[in-house]
Number of protein chains: 2
Amino acid sequence: MKNKTTNKQDKSHHADNYMPKSSTGGILKNYIVKKSPALSADFLYEGIIRGNITLLSQAITLVESNQKKHKAKASKIVTRCLQHKTSSVRIGITGVPGVGKSTFIEAFGMYLTELGNKVAVLAVDPSSGVRKGSILADKTRMEHLGNNPRAYIRPTAAGSSLGGVANNTRETITLCEAAGFNIILVETVGVGQSETAVHAMVDFFLLLQLPGAGDELQGIKRGITEIADAIVINKADGDLMPKAKLAKVIFNRVLHLYPPKQSDWQPKVLLCSALEKSGIGAVWKMINDFLKITKENGYFDKNRISQNKYWLKETVDEELKTAFYENPEVKKNWPVIADALSKNKITSYEAARQLMQLYEKKS
Amino acid sequence: MKNKTTNKQDKSHHADNYMPKSSTGGILKNYIVKKSPALSADFLYEGIIRGNITLLSQAITLVESNQKKHKAKASKIVTRCLQHKTSSVRIGITGVPGVGKSTFIEAFGMYLTELGNKVAVLAVDPSSGVRKGSILADKTRMEHLGNNPRAYIRPTAAGSSLGGVANNTRETITLCEAAGFNIILVETVGVGQSETAVHAMVDFFLLLQLPGAGDELQGIKRGITEIADAIVINKADGDLMPKAKLAKVIFNRVLHLYPPKQSDWQPKVLLCSALEKSGIGAVWKMINDFLKITKENGYFDKNRISQNKYWLKETVDEELKTAFYENPEVKKNWPVIADALSKNKITSYEAARQLMQLYEKKS
């Protein structure tokens with residue numbers, strides 16, 4: 001396995017400017033293969049904190065692996081990276097398909113790198129189902145950012161559950177931060193449960209919208225408007241400008257109907273055109289205002305800690321449920337009990353009690 | 001215990017117009033005591049379906065009891081009541097304190113009973129903490145409804161968890177329906193998690209609001225506006241009328257921004273004055289429109305079935321979590337692990353893994 005490293009893909013890895021010394025003294029290039037997870041956790045960690053993209057990618061592959069030994073190694077690396085103190089901002093970006101997320105991220109990412117930042121683009125999209133699905137397409141569309149040495153675009157990870165995908169993305173954020181990326185953009189698709197997950201792993205949550213206040217504004221998931229720290233109306237250019245301005249007025253009104261946020265931040269509505277690259281600087285200025293306020297009032301740090309606790313509870317909850325729903329007795333009896341419940345023969349409470357009894361007997 | 005039934009409270013029970021025959025032939029009045037749960041499940045069931053309010057109240061007390069044998073008996077009664085097919089509508093009513101919930105329920109309930117309906121008023125308020133807290137006060141304020149023979153007001157049940165309280169309320173709904181109450185009003189307080197719970201146990205969810213579109217509208221919990229089937233602006237009378245009309249325009253606009261509901265129902269905004277008893281009939285007419293649409297398109301029945309499944313899953317989830325968080329090893333180690341997490345020494349995933357290991361070893 002270790003020495004089969006002569007395909008085209010592997011060669012590109014050798015172009016990386018940093019190559020850590022191997023502690024075993026072996027021929028290093030033979031180890032640097034995406035499909036071989038044989039590199040030690042220490043080796044990968046050292047590479048990551050020196051900004052080696054190939055090793056970062058390999059570590060992320062371990063994070064995303066379903067194999068126990070990969071997971072264990074990934075956990076070691078991520079834990080070490082956690083100790084590597086960095087200063088970063090994590091920005092969630094959501095919006096319905098067609099709103100121009102890729103174009104926005106391309107323009108925004110390029111703008112940020114020009115200011116000297118290092119930008120990582122990740123995505124949470126458990127609905128895609130296909131490995132390296134939606135965001136790989138985006139990568140090809142983010143032509144300039146994809147070729148920008150100060151940017152790192154990671155294809156969407158696959159996963160059987162949102163919890164799993166979200167956990168992988170959170171560990172990937174830690175790895176990217178340790179690798180020196182100080183701005184993390186986490187994209188999500190604007191439908192389903194993934195926004196809540198992304199909201200719970202970022203510092204700032206940005207909702208992209210289309211101009212117009214009618215049907216165009218529909219289709220966004222319930223509750224997203226309320227959790228957004230900003231609504232950025234994209235495609236505010238040319239003929240759409242009047243509609244975009246009207247949408248801004250209405251969204252400002254809607255946002256004022258919501259109760260104040262714990263962060264003391266009053267959500268903003270901005271216009272931009274990712275295509276014409278207008279309004280991009282204002283978005284970054286706004287995020288800096290947010291950072292100033294929330295770092296001063298302590299919300300920024302407090303929020304990150306409470307996000308950690310949130311994910312601890314989410315992970316426990318998911319593991320408990322998995323154990324329950326995959327219990328053979330529960331699986332076998334679920335249809336019968338659910339059917340009795342549907343027909344009002346038993347109460348929900350009684351159905352739960354019966355299933356819990358079966359579970360506790362077996363587990 | 002059984003024979004200590006001579007206090008004032010018990011005498012009021014004897015005034016009930018129905019008194020079922022005791023199967024044991026004992027002196028019935030000695031059994032009909034709120035604090036004695038000695039009546040058989042069959043006896044209570046028979047009383048309930050004949051509309052006996054005292055026995056209904058006793059059965060609800062069993063539902064709310066924390067004692068296992070009471071719970072078991074309650075479960076028997078509720079299960080039998082489930083088979084007793086009835087036609088009912090369950091309406092959730094929420095709104096911030098001060099919006100006039102009690103006045104509205106008094107006016108609405110009186111209106112409904114005058115049309116020949118039997119109305120039960122329940123409440124979900126886990127935050128009150130005190131047994132018979134907020135709604136008992138309301139009962140004294142709902143003077144007419146409280147003395148109306150076609151109405152039944154049940155004080156808020158206490159409970160250690162929202163899940164527990166919600167489950168009790170759902171079983172209480174079943175008992176009230178079996179007792180002939182065809183309209184169930186479930187009140188909640190407009191803050192915290194209780195609205196989601198009430199929303200998941202009713203057919204129609206009504207949000208009461210105050211006139212005005214500025215600060216007065218704030219304070220309502222995030223997401224409530226989106227799940228409401230109707231926003232009723234109360235206190236639309238006198239000087240507040242112009243403000244109420246403006247609020248109606250704005251809320252209509254806000255509601256149109258949300259995606260269509262599964263029920264195909266387009267949420268409405270209505271004005272009313274519970275004090276002047278104006279607009280009350282329109283609320284009932286609207287609910288009837290909703291019932292017509294959702295019974296025709298099948299949503300009404302489908303929703304009740306999916307609510308049952310929702311509560312089954314919620315109950316299982318709560319029981320799994322209780323078992324975990326009350327596990328002695330988990331309790332003992334939680335502070336240390338949570339502290340390490342707060343200090344970024346371990347990841348959320350690693351923290352969860354360690355706790356799960358402790359849990360699985362012990363349980």
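Remember, predicted model here, so these are calculated numbers, not experimental data.

Definitions and cut-offs
- Residues numbered from 1 in each chain as written.
- Chains lettered and ligands numbered in written order.
- Predicted model: local features only at pLDDT ≥ 70, side-chain atom pairs only at ≥ 80, totals over all residues.
- Contact = placed C-beta atoms within 7 Å.
- Helix = DSSP H or I, 4+ residues; strand = E, 2+ residues; numbered from the N terminus.
- Nonpolar A, V, L, I, M, F, W, Y, C, P; charged D, E, K, R; others polar.
- Expected span 1.5 Å × (residues − 1).
- Bend = angle between axes of the 7 residues up to and from the residue.
- Core = buried A, V, L, I, M, F, W, Y, C linked by C-beta atoms within 7 Å.
- Buried ≥ 20, exposed ≤ 12 C-beta atoms within 10 Å, placed from the backbone.
- Least-squares fit on C-alpha atoms with pLDDT ≥ 70 in both.
- Axes fitted to C-alpha atoms, helices over the stretch in contact; angles between N-to-C directions.
- Parallel < 35°, antiparallel > 145°, perpendicular 65-115°, else oblique.
- Left-handed = near helix turned anticlockwise from the far one by under 90°.
- Pairing = 2+ DSSP bridges.
- pLDDT = per-residue confidence, 0-100.

**Regarding the interface of chain A and chain B**
At the junction of the two partners, chain A supplies 43 residues and chain B supplies 44 residues. Every element with two or more residues in the side of chain A that touches chain B is listed here: α4 (68-83), α8 (162-178), α11 (241-257), α13 (299-325), α14 (328-342) and α15 (348-362) of chain A. Counting residues per element, the side of chain A that touches chain B draws most heavily on α13(A), which supplies twelve residues. The residue makeup of the side of chain A that touches chain B, split by class, is 22 nonpolar, twelve polar and nine charged.

**Observations concerning α14(A)**
All names here are of chain A. Here α14 contains 15 residues, and its C-alpha end-to-end distance of 22 Å stays within 8% of the 21 Å for a straight helix at 1.5 Å per residue. Maximal helix bending in α14 amounts to about 45°, located at tryptophan 334; proline proline 335 follows within four positions. Asparagine 344 sits one or two residues past α14 and shows a positive phi near 60°.

**Quick look at the nonpolar core**
Core analysis: the largest hydrophobic core is formed by 156 residues, its most contacted members being Ala59(A) and Ala59(B). Here Ala59(B) is in contact with Leu44(B), Ile48(B), Ala74(B), Ile77(B) and Leu175(B), once residues within four sequence places are set aside.

**Observations concerning the relation of the copies chain A and chain B**
For the pair chain A and chain B, the relating rotation is 180°, the translation along its axis is 0.0 Å, and the fit reaches an RMSD of 0.1 Å. Such a turn and shift between the copies fits a two-fold axis. Taking the C-alpha atom as reference, chain A places Gly223(A) closest to the rotation axis, 2.8 Å from it. Same-surface contact between copies: 100% of interface residues of chain A are shared with the interface of chain B.

**What to know about the packing of helix α3 (residues 53-64) of chain A against α4(A)**
Angle between the axes and distance between the axes are the two parameters that describe a pair of packed helices. Residues and elements named next belong to chain A. Running from amino to carboxyl end, α3 crosses α4 at an angle of 125°, the nearest separation of the two axes being 7 Å. As judged from the angle between their axes, α3 and α4 are oblique. For the crossing formed where α3 meets α4, the hand is left-handed. Where α3 abuts α4, its residues Ala59, Leu62 and Val63 lie against His70, Lys73, Ala74, Ile77 and Val78. Residues belonging to the contact of α3 with α4 are distributed by class as follows: six nonpolar, one polar and one charged.

**Some thoughts on helix α2 (residues 41-49) of chain A**
Taken together, the buried positions of α2(A) are occupied by Phe43(A), Leu44(A), Tyr45(A), Gly47(A) and Ile48(A). Directly after α2(A), the chain includes Gly51(A), whose backbone phi takes a positive value near 85°.

**Side note on the sheet that holds strand β4 (residues 183-188) of chain A**
Residues and elements named next belong to chain A. Pairing is parallel in the open sheet, where seven strands are placed in the order β3-β2-β4-β1-β5-β6-β7. Strands at the two margins of the open sheet, each flanked by one partner only, are β3 (151-153) and β7 (268-271). Strand-to-strand twist across the sheet, computed as the mean angle between neighbouring axes with direction ignored, equals 25°. Sheet topology note: the strand β2 (residues 119-124)/β3 ladder contains three bridges and is parallel. From the neighbouring strand, valine 119 faces β3, where its bridge partner is alanine 151. Seen against the sheet, α11 touches β5 (204-209), β6 (230-233) and β7 and runs at an angle of roughly 170° to β7.

**Considerations on the confidence of the model for chain A**
Residues and elements named next belong to chain A. On average, residues of chain A score 82 in pLDDT, and 80% of them reach the 70 mark or higher. The spread of mean pLDDT over the elements of chain A runs between helix α1 (residues 8-14), the lowest at 36, and helix α12 (residues 280-296), the highest at 98. Contacts from residues 1-34, a stretch scored under 50 in pLDDT, to residues over four places away or in other chains number 40 contacts. Across residues 128-137, confidence stays below pLDDT 50; counting only partners more than four residues off in sequence or on other chains, it has 17 contacts. Model confidence for the complex is summarised by a pTM of 0.73, with the ipTM given as 0.76.

**Concerning the pairing of β2(A)**
Residue and element names in this part refer to chain A. Burial of β2 is extensive: six of the six residues sit out of reach of the surface. The alternating pattern of β2 places Val119, Val121 and Ala123 on one face and Ala120, Leu122 and Val124 on the opposite face, and all of these are buried. In this sheet, β4 lies alongside β2 in parallel orientation, the contact comprising six bridges. For valine 121, the partnering residue across the bridge sits in β4 and is leucine 185.

**Focus on the environment of Met201(B)**
Residues and elements named next belong to chain B. On the secondary structure map, methionine 201 appears in the loop between α9 (194-199) and β5 (204-209). As a C-alpha pair, methionine 201 and alanine 166 span 35 residues in sequence and 8.4 Å in three-dimensional space. Ignoring anything within four residues of it in the chain, the contact list for methionine 201 reads Arg90, Ala166, Thr169, Arg170, Ile173, Val186 and Gln307.

**As for the environment of Gln209(B)**
By the secondary structure assignment, Gln209(B) is in strand β5. Here the alpha-carbon distance between Gln209(B) and Thr113(B), two residues 96 residues apart in the chain, equals 24 Å.

**What to know about unusual backbone geometry**
Among all residues save glycine, negative phi is the norm, and among peptide bonds the norm is trans. Of note in the backbone geometry, Lys235(A) takes a positive phi value of approximately 65° without being a glycine. One non-glycine residue, Lys277(B), lies in positive phi territory at about 55°. With respect to the element layout, Lys277(B) can be found in the loop between β7 (268-271) and α12 (280-296).

**Some details on the packing of α4(A) against α8(A)**
All names here are of chain A. Direction vectors running N to C along α4 and α8 enclose 50°, while the axes themselves pass 9 Å from each other. Looking at the two axes, α4 sits oblique to α8. Our pair here, α4 against α8, has a crossing hand that is left-handed. Mapping the contact onto sequence places Ala74, Val78, Cys81 and Leu82 in α4 and Glu171, Thr174, Leu175 and Ala178 in α8. Residues that form the contact of α4 with α8 fall into these classes: six nonpolar, one polar and one charged.

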